[in-house]
Amino acid sequence: MKTSLSALSLVLAIALAAAAASRFVWLLPLLAVALPYGTLAIFLAGLSWRVVCWSRSPVPFRIPTVCGQQKSLAWIKSARLESPHSTPGVVARMALEILLFRSLFRNTRSRLEDGPRLIQREAKWLWLGALAFHWSLLIILLRHLRFFVEPVPKVAVLLENLDGFFRIGAPVLLVTDVVVLAALLYLLQRRFRDPQVRFISLFTDYFALLLLLGIAATGVWMRYFARVDAVAVKQFVLSLTIFAPALPKNPGPLFFAHFALAGTLAAYLPFSKLMHMGGVFLSPTRNLANNNRRKRHINPWNYPVKVHTYEEWEAEFRDKLEAAGLPVERP
Amino acid sequence: MRDRAIIWSGLAMFLLFATFPFWHNLSAAVTSKGPNPVLPANARQCVAPVEYMKTSHMTLLLDWREQVVRQGRREFTAFNGQRYNMSLTSTCLEQCHSSGKAQFCDRCHDYAAASVPCWDCHVDFKSTLRSAK
């Protein structure tokens, strides 16, 4: 309870501070110029630094976790996806993992029933919630290109049209806006409801969820209810991208709350569990082919080891071996 | 160990994509001037204050539609007492924005990537006449 409340108050504090600061003209340069450039720099540098660090850690041995038959003899059928032995198999397995969260799909829940009997059940809701959230977030991010690029890229227009397929109201209701809020609320209540999950939930778990929820909520509020002037927002954002920042003419506190929360997310991401965004590509239990026995993998930091072979041993004790009448390899 | 080249090129691709707005806009010499819609020559005041129209013209239009189609009322009394016929084509376009939607509505909507389906049914004489020629 305490951790979730402190995460909530931190998110609210950031949003309220930004909203309040936007009221003071002398604070605007900080909020509208220093904040976006600073947080973006931290995001790019931090993310690169983490990935470069990971890329430097040695991978001496293949450690894939598999659940299928390894490739061995020609007449034994091997599982190409579950236990890939070649690069195409690994790529397919990674793609399914990254795009569809295949390992989460196999999530189970254990329960002790009378008997006592341990029962494993399938638990798909987490997978569904996670998939709904991540895909919505991706679409929302791509849709935001309409504010960042002029002329607006075709993908952004296409996604906007698909997203507004149902043509409900104006500004048209975007399906991902509903889905992302619903998925985030599900993921949050899951941490509260389940005692085991609540027990292992840390500040960062709540903070990440509440931060994303705050961003989504301010965005939805801004689009459908407060209705911020999208043209003015785009002019401001474009001015940032061409390094000629022009402060927005009519800064809405809500816009700056959204802006500051998004900046916080960007700056926080490289140093948090959210870095799984890059880390998923580098998971050694997924991205390595299961060919430990088919290929020789030499430990890259092997140093020359002094060895004493049998031949050398035999030569050393030849006279004693012959005297004792023992058989020798090389007579 | 041997995958460093792959990892680093993946990272480079991500960085390139994440900074796409910067290098695209800089190389395309984009400015933050805005869409610059053509304002009507013969009218000074819209049916509502400009600040309101800028952010909420879509709700106003839907409100008009609701009034006309569901309630059968066609007259709109503006904030300053002016009376208007609630009609997308004959009031918004014909009466004031006679330069046509392409010079006015579309400029903003292309800029903000708002897809406005109204013209599937409502007529904009300016563009209809031009394409009929």
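Scroll up for the structure.
Residues numbered from 1 in each chain as written. Chains lettered and ligands numbered in written order. Predicted model: local features only at pLDDT ≥ 70, side-chain atom pairs only at ≥ 80, totals over all residues. Heavy atoms only, no water.

K.L.:
With reference to specific residues and values, describe the overall build of chain A.
P.N.:
Counting its secondary structure elements, chain A contains 15 helices and two strands. At 28 Å, chain A has a C-alpha radius of gyration far larger than the 20 Å of a compact globule built from 331 residues. Along the three orthogonal principal directions, the C-alpha set of chain A runs to about 105 × 60 × 45 Å. Counting across all 331 residues of chain A, residues that qualify as buried make up 42%. As displayed, chain A has an accessible area near 19,400 Å², and 69% of this comes from carbon and sulfur atoms. Positive and negative charge centroids in chain A, built from 38 and 19 side chains respectively, lie 11 Å apart. (Helix = DSSP H or I, 4+ residues; strand = E, 2+ residues; numbered from the N terminus. Rg over C-alpha atoms; globule rule 2.2 N^0.38 Å. Buried < 20%, exposed > 50% of the residue type's maximum accessible area, 1.4 Å probe, protein only. Areas by Shrake-Rupley, 256 points an atom, 1.4 Å probe, with all protein chains shown as cover. Lys, Arg positive; Asp, Glu negative; His and termini not counted. Charge placed at Lys NZ, Arg CZ, Asp CG, Glu CD.)

K.L.:
Mind laying out the packing of aromatic side chains, listing which residues take part and the relevant values?
P.N.:
Residues and elements named next belong to chain A. Taken as a whole and assessed by the stated rule, the structure comprises 20 aromatic pairs over all chains. Among the aromatic side chains, those forming a connected cluster through ring pairs are Phe236, Phe255, Phe256 and Phe259. Over the aromatic face of Phe105 sits the side chain of Lys124, whose NZ or CZ is 4.1 Å from the ring centroid. (Phe/Tyr/Trp six-rings, centres within 6.5 Å; stacked < 30°, edge-to-face > 60°. Lys NZ or Arg CZ within 6 Å of the ring centre and 35° of its normal.)

K.L.:
I'd love a proper account of the pattern of salt bridges, names of residues and values included.
P.N.:
Residues and elements named next belong to chain A. A complete count under the given rule lists 20 salt bridges over all chains for this structure. In this structure, Glu160 and Arg146 form a salt bridge, with 3.8 Å as the shortest nitrogen-oxygen distance. Pair noted here: Glu160 is in helix α7 (residues 154-163) and Arg146 is in helix α6 (residues 145-148), with a separation of 14 residues, a long-range link. With a relative accessible area of 5%, Glu160 lands in the buried category. Take Arg146: its relative accessible area is 10%, and that puts it in the buried class. (Salt bridge = Lys/Arg side-chain N within 4 Å of Asp/Glu carboxyl O.)

K.L.:
Can you break down the pairing of strand β2 (residues 117-122) of chain A residue by residue, with the values?
P.N.:
All names here are of chain A. As paired strands, strand β1 (residues 108-113) and β2 are joined by six bridges and run antiparallel to one another. Within β2, the position partnered with Ser110 by the bridge is Gln120. The hairpin turn running from β1 into β2, its antiparallel successor, is three residues long, and Gly115 in that turn takes a positive phi close to 145°. (Pairing = 2+ DSSP bridges.)

K.L.:
Talk me through the interface of chain B and chain A; I want residue IDs and the actual numbers.
P.N.:
Chain B puts 37 residues into the contact, and the matching count from chain A is 46 residues. Where chain B packs against chain A, one counts twelve residue pairs in polar contact (both at pLDDT 80 or more). Within the residue set of the side of chain B that touches chain A, elements represented by two or more residues are α1 (4-18), α2 (20-27), α3 (50-71) and α5 (105-112) of chain B. The leading source of residues in the side of chain B that touches chain A is α1(B), at eight residues. (Contact = heavy atoms within 4.5 Å. Polar contact = N/O pair within 3.5 Å; in protein donor to acceptor, adjacent residues only side chain to side chain.)

K.L.:
Please provide a residue-by-residue account of α7(A), values included.
P.N.:
Residue and element names in this part refer to chain A. The complete set of buried residues in α7 reads Ala156, Leu159, Glu160 and Asp163. Axial view of α7: buried residues confined to an arc of 105°, hence all on one face. For α7, the exposed residues lying more than 90 degrees away from the buried face are Lys154, Leu158 and Leu162. Tucked inside the fold, the buried residues of α7 contact α5 (125-143), α6, α8 (175-193) and α10 (203-226). (Arc of directions from axis to C-beta.)

K.L.:
Please provide a residue-by-residue account of the side chain of Thr39(A), values included.
P.N.:
Positionally, Thr39(A) belongs in helix α2 (residues 28-55). Once residues within four sequence positions are removed from consideration, Thr39(A) is found in contact with Ala34(A), Gly263(A), Ala266(A) and Ala267(A).

K.L.:
Any chance you could break down a negative patch on the surface for me, citing the residues and the numbers?
P.N.:
All names here are of chain A. Residues Glu311, Glu312, Glu316 and Glu329 make up a contiguous surface patch of negative charge. Within the fold, Glu316 resides in helix α14 (residues 310-316). Exposure remark for Glu316: the relative accessible area of 47% places this residue in the partly exposed category. (Patch = residues over 30% accessible without salt bridge, like charges linked within 9 Å, V, L, I, M, F, W, Y side chains within 5 Å.)

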